[in-house]
Amino acid sequence: MRIGMPINYARDFHQTVEGLREYEEGGLDVVFLPEAYTFDAVSQLGYIAAKTSTLRLCSSILNIYSRTPTLLAMTAAGLDYVSGGRFMMGIGASGPQVIEGFHGLRHDAPLARTREVVEICHQVWRREPVEFHGTYHDIPLSTEKGGSGLGKPLKLINHPVRDRIPVMLAALGPKNVELAAELFDGWEPLFYFPERAGEAFADALRAGRSKRSAELPPLDVIVDAKVLISEDDAELAAGRQQVREHLALYIGGMGAKGKNFYNDLAGRFGFADAAAEVQELFLAGRRKEAAAAIPRRLVDGVALVGAPGWVAERLAAFAESGVTTLNATPLAATHQRRVEDITALRRYVG
């Protein structure tokens, strides 16, 4: 199992990146940089590439709407070049709150759009003259779609480091998970409960893998988990509270009723009643009560907050369920403790 870590874009980015050297020395394998409606991830990933030597870099995620497919491919090729072949492009559909609310674009047909994006990216990286006429992307733009008729198929000028850059899909819904298992190198669900992952994801993964090309490597299953290794009861209680608040934000507040992917996932994990209560409380502005309504079983299932032996056992359960990369967010109060926790995870997985 690889050990990864998301970068917190809300803190001082320069200071955060300087601290990555210690994580790198402690055995960290990959860093994930999110992009929502923040500073762009691309410029910061380039900065990280220049400041590190072995860490793999992953965008987590670049949405498929606000950049054209060819620009996504160009960006990935550029980041792969400046990092010496260490980049993985994480993409996803995001949601209407960001795509329509911030970018002013329609959030429609995520599955079909994602499939088209991947096919176009592979053409670019193989340095083929790009020609694609799909439902949502028309390259070169035809006269039927409003083009002048002057556009010609072009191929990437530069020679990419790799003609197939790994692509990761962030996905929770069954159809999106199936697509990840069919076409992608990696799949990232946000919350993952090892003992209940089969109920939530197995059918979709099986359907996708049945259509997966033999040329593709085994699917890299990349899961997020908050991590705090301690034997101090007060510290652990504070860590679990952070997990509760994080879960409540997503299960309760990321989308309207009936349009919240994370609430649906909690239901598939067996917590439908609790998820409904959390959403009611959160949307009513009662956030503390929403966090308190998160079941302890859910907190312990998706997070690694506990004594060293317990965390090692839970980590083994993640690996046994098929996880190949753990994207760990350390919760300790100091940088040194956070580095120690990531180093311990590396030691536990060998």
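Residues numbered from 1 in each chain as written. Predicted model: local features only at pLDDT ≥ 70, side-chain atom pairs only at ≥ 80, totals over all residues. Heavy atoms only, no water.

Novice: Help me get a handle on the nonpolar core, residues and values and all.
Specialist: In this structure, Leu20, Met89, Trp125, Phe201, Leu326 and Leu345 are the most contacted members of the largest nonpolar core, which totals 104 residues. What Leu20 contacts, discounting residues up to four positions off in sequence, is Met5, Ile7, Leu28, Val31, Ile48, Thr52 and Leu55. Listed in part, the six residues of the second largest apolar core include Val30, Met88, Met168 and Ile222. (Core = buried A, V, L, I, M, F, W, Y, C linked by side-chain atoms within 4.5 Å. Buried < 20%, exposed > 50% of the residue type's maximum accessible area, 1.4 Å probe, protein only. Contact = heavy atoms within 4.5 Å.)

Novice: Outline the packing of aromatic side chains, listing residues and values.
Specialist: Tallied over the full model, the rule gives 11 aromatic pairs. Summarising the aromatic geometry, the rings of Phe13 and Tyr47 are spaced 6.0 Å apart at their centres and angled 50° between planes, so their arrangement reads as tilted. Linking Phe13 in helix 1 (residues 13-25) with Tyr47 in helix 2 (residues 41-51), this pair joins segments that are 34 residues apart in sequence. A relative accessible area of 26% places Tyr47 in the partly exposed class. With 6.2 Å between their ring centres and 85° between their planes, Phe201 and Phe269 make a pair best called edge-to-face. Residue Phe201 is located in helix 7 (residues 197-209), and its partner Phe269 is located in the loop between helix 9 (261-268) and helix 10 (272-283); the two are separated by 68 residues in the primary sequence. Phe201 sits in the buried class, given a relative accessible area of 1%. These aromatic residues form a ring-pair network of at least three members: Trp187, Tyr192, Phe193, Phe201, Phe269, Phe271 and Phe318. (Phe/Tyr/Trp six-rings, centres within 6.5 Å; stacked < 30°, edge-to-face > 60°. Helix = DSSP H or I, 4+ residues; strand = E, 2+ residues; numbered from the N terminus.)

Novice: Before we move on, could you go through the side chain of Asp300 and cite the residues and values that matter?
Specialist: Examined against the element boundaries, Asp300 turns out to sit in helix 12 (residues 296-302). In terms of polar contacts, Asp300 uses its side chain to reach the side chain of Arg296, at 2.8 Å. Setting aside anything within four residues of it in sequence, one finds Asp300 in contact with Arg240, Trp310 and Arg314. (Polar contact = N/O pair within 3.5 Å; in protein donor to acceptor, adjacent residues only side chain to side chain.)

Novice: How would you sum up the pattern of salt bridges? Please name residues and give values.
Specialist: As enumerated under the stated definition, the model contains 19 salt bridges in all. Taken together, the shared-partner salt bridges in this structure form one network comprising Arg115, Glu178, Glu182 and Lys211. (Salt bridge = Lys/Arg side-chain N within 4 Å of Asp/Glu carboxyl O.)

Novice: Give a description of the state of the cysteines that names residues and reports values.
Specialist: Considering all chains together, one arrives at zero disulfides under this definition. No disulfide involves Cys58; its nearest neighbouring cysteine sulfur is the one of Cys121, lying 14 Å away. Its relative accessible area of 0% is what places Cys58 among the buried residues. (Disulfide = S-S within 2.5 Å.)

Novice: For helix 2, give the residues involved together with the corresponding values.
Specialist: Turning to helix 2, its buried residues number three or more, namely Ala41, Gln44, Leu45, Ile48 and Ala49. Down the axis of helix 2, the buried side of the element spans an arc of 150°, and every buried residue falls inside it. For helix 2, the secondary structure elements touched by its buried residues are helix 1, strand 2 (30-33), strand 3 (56-59), strand 4 (62-63), helix 3 (69-82) and strand 5 (87-92). (Arc of directions from axis to C-beta.)

Novice: With reference to specific residues and values, describe the pairing of strand 1 (residues 2-6).
Specialist: Sheet topology places strand 1 next to strand 12 (residues 325-330); three bridges connect them, and they run parallel. Counted as the bridge partner of Arg2 is Thr325 from strand 12. The sheet contact formed by strand 1 and strand 2 spans three bridges and is parallel. Bridging across to strand 2, Met5 finds its partner in Val31. (Pairing = 2+ DSSP bridges.)

Novice: So what's going on with a nonpolar patch on the surface? Which residues, and what values?
Specialist: A cluster of nonpolar side chains, namely Tyr81, Val82 and Val161, defines an oily patch on the protein surface of about 310 Å² accessible area. Structurally, the position occupied by Val161 is in the loop between strand 7 (138-139) and strand 8 (167-170). Exposure remark for Val161: the relative accessible area of 43% places this residue in the partly exposed category. (Patch = residues over 30% accessible without salt bridge, like charges linked within 9 Å, V, L, I, M, F, W, Y side chains within 5 Å. Areas by Shrake-Rupley, 256 points an atom, 1.4 Å probe, with all protein chains shown as cover.)

Novice: Give me the environment of Ala36: which residues, what numbers.
Specialist: Examined against the element boundaries, Ala36 turns out to sit in the loop between strand 2 and helix 2. When its relative accessible area of 28% is taken as the criterion, Ala36 is described as partly exposed. C-alpha separation for the pair Ala36 and Ile99, spaced 63 residues apart in sequence, amounts to 9.4 Å.

Novice: Got a sec to walk through the pairing of strand 5? Specific residues and values, please.
Specialist: Here strand 5 lies mainly inside the structure; six of its six residues are buried. Sheet analysis places strand 3 next to strand 5, joined by two bridges and oriented parallel. Bridge pairing in strand 5 links Leu57 to Phe87. Note that strand 4 and strand 5 share two bridges and pair parallel. Bridge pairing in strand 5 links Leu62 to Ile91. Read from strand 4 through helix 3 to strand 5, the crossover connection turns out right-handed. Relative to strand 8, strand 5 runs parallel, the two being bridged by three bridges. Bridge assignment links Gly90 to a residue of strand 8, and that residue is Met168. (Right-handed = clockwise from strand over helix to strand, strands pointing away.)

Novice: With reference to specific residues and values, describe the packing of helix 5 (residues 110-125) against helix 6 (residues 174-183).
Specialist: Orientation of helix 5 relative to helix 6, taken along the N-to-C sense of each, is 15°, at an axis distance of 10 Å. Our classification of the angle between helix 5 and helix 6 gives roughly parallel. Considering only the axes of helix 5 and helix 6, their crossing is right-handed. Listed contacts from helix 6 to Leu111, Thr114 and Arg115 of helix 5 are Lys175, Asn176, Leu179, Glu182 and Leu183. Its residues assigned to classes, the contact of helix 5 with helix 6 comprises three nonpolar, two polar and three charged. (Axes fitted to C-alpha atoms, helices over the stretch in contact; angles between N-to-C directions. Parallel < 35°, antiparallel > 145°, perpendicular 65-115°, else oblique. Left-handed = near helix turned anticlockwise from the far one by under 90°. Nonpolar A, V, L, I, M, F, W, Y, C, P; charged D, E, K, R; others polar.)

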